[in-house]
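# Overview (structure and organization)
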Amino acid sequence: MKTGAKILVESLQREGTEIIFGYPGGVVLPIYDELYDSSLRHILVRHEQAAAHAADGYARASGRVGVCLATSGPGACNLVTGIATAYMDSVPIVALTGQVPTNLLGNDAFQESDITGITMPITKHNYLVKNAGELSRVVQEAFYIAGTGRQGPVLVDIPKDVSTGLADDVKLPEKVTLRGYNPTYRGHKRQIEKALDLLGHAERPLIYAGGGIIASNASPELVEFAQLASIPVTTTLMGIGCIPCHHPLNLGMLGMHGTEYANFAVTECDLIIAIGARFDDRVTGKLETFAPHAKIIHIDIDPAEIGKNKRVDVPIVGDVKAVLQDLLTLMKKRDAHEIWLKKIRHWKQHHPLKCPTNGALHPQYIIRTLSDLVKDKAVIVSEVGQNQMWTAQHFCFHNPRTWITSGGLGTMGYGLPAAMGAHFARPDVPVFDIAGDGSIQMNIQEFGTIASNQIPVKVVILNNMYLGMVRQWQELFFDRRYSYTELPAVDFVKIANAYGIDGMRVESPDEVLPALQASLDCDGPFVMDFRIEREENVFPMVPAGAAINEMIGGHPRI
Amino acid sequence: MKPHTLSILVENRAGVLSRVTGLFSRRGFNIESLAVGPCEEPDMSRITIVVIGDDEKIEQVMKQLNKLIDVIKVSDLTDSERVERELALIKVTAELGTTRAEIMQIASIFRTQIVDVGAKTLILQVIGDKNKIDALEKLLRQYGIKEFVRTGTVGILRGSKTVTSGK
Ligand SMILES: Cc1ncc(C[n+]2csc(CCOP(=O)(O)OP(=O)(O)O)c2C)c(N)n1
Ligand SMILES: [Mg+2]
């Protein structure tokens, strides 16, 4: 007989867990006692939200399931934003929460909250474990559900008497089978043939590549497919990194802050091959005018995404990697769509992203300098707002899983904890958190975690003393009425120093490279406070509700 | 927008009903009727939901229902040949010697059963589709309905077609 707590830790190890991010409390004391002399590594965060984001950052950077742990009530509730963030971006994490003893469930007992009820709409699945005997099976299922099909967060709620209760080892199946859960991995042959037929007839095809390609580790197949069929590729915010930035077929990001040439291409193409993407409103702008001349092939593992926002001509349900492999086997090399590619080259040449250079400290320059400095040897995490969009636009990403950002939920405060998690997945490269002055203050307490564990996260704060993205909207659409978006100056270096972290303030362009170099030379964490042009905007921009080729802040159309 | 009758086969477990209904409420759907009960498989339940919505929205909910781990099968019965029934218990004011005879006549036309006879009331049990029960309720209203209890619709496909786990 073993305690539930011991069964839990053994089950995590059997699933290959090497690290968990957590925060203790009353009902998880038995679990923490078990962790005390376990070989399972635990990182003590400073707020449970950070534990969830760290597990998420670990999962995105590694492709494995991330794990976080919190106590009942306030601890569990603090995980909620992190779980919702993972849910919206289909990130596999297992969130473990303590719960009051089973005999007190529903009693409003001390620190009780109905966390399975609360997280029902933001988890792929969740469990309230009723006895120690079922714990090992539940953990096995939780990892299986989180990490297969369309991935996502799974929560396991563990009452205190389940952790202390005794049970015998249960023989677990080699492979989990759940009769209500059978993801489709192989695409339907007939549909694939239909897709090939459309491809054969297209004159202006375009690949619209999303986070599903990263999730299914299908970047090599994607690039091969694009090359073989000579089709340009535009990526979503989540798809960045699936094709190298400098690849001649890469058009960069599309949508609200996409490149002009990507958005032009969408508007003029006659065939869209949407792969692991979901026609989100930030991508499509006004739906009726999105890809108005195009037939659509949509490849996705989640049948619920197909036809959700846009009518599709050829739906293919399946794992993106498997479907691309099938397409590659059946496809014949075709002649380049020369006229189309020429047009795109023309757009690229005449409508590049703008990088202002007037002697002031511009964020775009900082991002480009960082990009040139670290090249393909870094993981870049971002917060949310202008900082995120400038990074997405101006950093040159070479590889999948090197760009980590909260897309679907857009969670400010995501970056720093996610960067901590990413470090444990990729200790071989530096991890940068590109932050705004607003976002960093949403989880700034994690300076404590990176300091005490010497987690070498490099924090780049693009400090405009504004909630910049909101200010930009106020400037453009609310007559410059800056209602509650100005943030008073904060000395971030002093804050960092207070935690024992080195830092540097940067006020002019010539200090940028030395500061970034200093951060790389420093073995531990490092905080840089870049005092950027305060009213810099992210351009181009598609105003909400406009067609995506109606951008402001671009070049005159020639 | 028309009523859709969905038949949903689920694991018989705590929380399943709220997972299912949550997918409707988050989209602002009002559930017209709901029936849950055991079915031909011992550890599964069948939920029948009637909900009004446009076809595309309903199709999206069905896809989302299918994604729930505890949902085994979902079918929209709306456009198929099917049998749908509800059961209602109606407690109606029926004073001896006054309206009682009339009510009993209506009861027999509707092939209802009188399941309780009180000094001042009768309880009628009626089984039928929604229209039949609505019609009876309307007729009885003039006599004074004291209480009206009604199950959700249950539905089943005609002929040999089924909504089963397919095992
Ligand atoms: C938790 C949370 N609250 C509010 C928002 C809305 N929001 C989006 S961007 C933004 C401003 C972010 O400011 P900052 O971190 O300084 O970044 P900047 O845009 O200035 O680069 C806000 C408030 C959000 N995305 N997340
Ligand atoms: Mg800011």
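The numbers attached to residues start from 1 for each chain and follow its sequence in the written order. Each chain takes a letter, starting from A, and each ligand takes a number, starting from 1, following the order in which they are written. Two thresholds apply to this predicted model, a pLDDT of at least 70 for residue-level local features and 80 or more for giving and counting side-chain atom pairs, whereas whole-chain, interface and lining totals are computed over all residues. Only hydrogens and water are set aside; all other atoms, that is, all heavy atoms of the structure, feed into the side-chain values.

### Description of the packing of helix H1 (residues 16-25) of chain B against helix H2 (residues 55-67) of chain B
Residues and elements named next belong to chain B. Stated formally: The axes are straight lines fitted to the C-alpha atoms, using for helices just the contacting stretch, and the angles between their N-to-C directions are given from 0 to 180°. Under the scheme used here, helices are H or I runs from DSSP no shorter than 4 residues and strands are E runs no shorter than 2 residues, and both carry numbers assigned from the N terminus. Geometric relationships in this document are graded by angle, where less than 35 degrees denotes roughly parallel, more than 145 denotes roughly antiparallel, 65 to 115 denotes roughly perpendicular, and other angles denote oblique. By definition, any crossing whose near helix is turned counterclockwise from its far helix by less than a right angle is left-handed, and any crossing with a clockwise turn is right-handed. Contacts are residue-level and defined by heavy atoms, with any inter-residue pair within 4.5 Å sufficient. All amino acids are sorted into three groups, where Ala, Val, Leu, Ile, Met, Phe, Trp, Tyr, Cys and Pro are nonpolar, Asp, Glu, Lys and Arg are charged, and the leftover types, Gly among them, are polar.
Two elements in contact, H1 and H2, have axes separated by 10 Å at closest approach and are oriented at 150°. Our classification of the angle between H1 and H2 gives roughly antiparallel. For the pair H1 and H2, the crossing hand works out as right-handed. Across the interface between the two elements, Val20, Leu23 and Phe24 of H1 pack against Val61, Gln64 and Leu65 of H2. Residue classes in the contact of H1 with H2 are distributed as five nonpolar, one polar and no charged.

### Points about the sheet that holds strand S5 (residues 93-99) of chain A
All names here are of chain A. Rules: Two strands qualify as a pair provided that DSSP identifies no fewer than 2 bridges between them.
Taken in spatial order, the six strands of this open sheet run S3-S2-S4-S5-S7-S6, and their pairing is parallel. With partners counted over all chains shown, the strands left at the sheet margins are strand S3 (41-44) and strand S6 (125-128), one partner each. For this sheet the average axis-to-axis angle between neighbouring strands, irrespective of direction, equals 20°. Summarising the sheet, strand S2 (residues 19-22) and strand S4 (residues 66-70) pair through two bridges and their orientation is parallel. Bridging across to S4, Phe21 finds its partner in Cys68.

### Observations regarding the site of ligand 1
Residue and element names in this part refer to chain A. Under the convention used in this document: For each residue, the test is whether any non-hydrogen atom lies within 4 Å of the molecule or strand; if one does, the residue is near. Polar contacts, as used here, are pairs of N or O atoms within 3.5 Å; protein pairs need one atom able to donate a hydrogen and one able to accept it. Residues neighboring in sequence count only if both atoms are side-chain atoms. For the accessible areas, the method is Shrake-Rupley and the probe is 1.4 Å, while residue cover comes only from the protein chains on display.
Around ligand 1, the surrounding shell holds 17 residues, and the nearest of these are Gln386, Gly410, Gly438, Ser439 and Gly468. Here Gly410 contributes a backbone N or O atom positioned 2.8 Å from a nitrogen atom of ligand 1. Between Met469 and ligand 1, the recorded distance is 2.9 Å, taken from a backbone N or O atom to an oxygen atom. Here ligand 1 has 590 Å² of accessible area as a free molecule, and 77% of this is covered by the chains. Mapped by element, the contributors of at least two residues to the shell around ligand 1 are helix H16 (386-394), helix H18 (437-440) and helix H20 (468-477).

### Details of the side chain of Ser72 of chain A
Residue and element names in this part refer to chain A. To keep it simple, the criterion reads: Each residue is placed in one exposure class: buried if its accessible area under a 1.4 Å probe, protein chains only, is under 20% of its type's maximum, exposed if it is over 50%, and partly exposed if it falls in between.
One can find Ser72 in the loop between S4 and helix H4 (74-88). For Ser72, a relative accessible area of 1% puts it in the buried group. Of the polar contacts made by the side chain of Ser72, one reaches the backbone oxygen of Gln111; its length is 2.7 Å. When neighbours within four sequence positions are excluded, Ser72 is seen to be in contact with Val27, Gly98, Gln99, Val100 and Gln111.

### Topic: the sheet that holds strand S3 (residues 44-53) of chain B
Residues and elements named next belong to chain B. An order of S2-S3-S1-S4 is seen for the four strands of this open sheet, with the pairing classed as antiparallel. If you trace the sheet from one side to the other, it starts and ends with strand S2 (31-38) and strand S4 (71-76), each paired once. Averaged over all pairs of adjacent strands, the angle between strand axes in this sheet comes to 15°, irrespective of strand direction. Against the sheet, H2 engages strand S1 (2-11), S3 and S4, with an angle of about 165° to S4.

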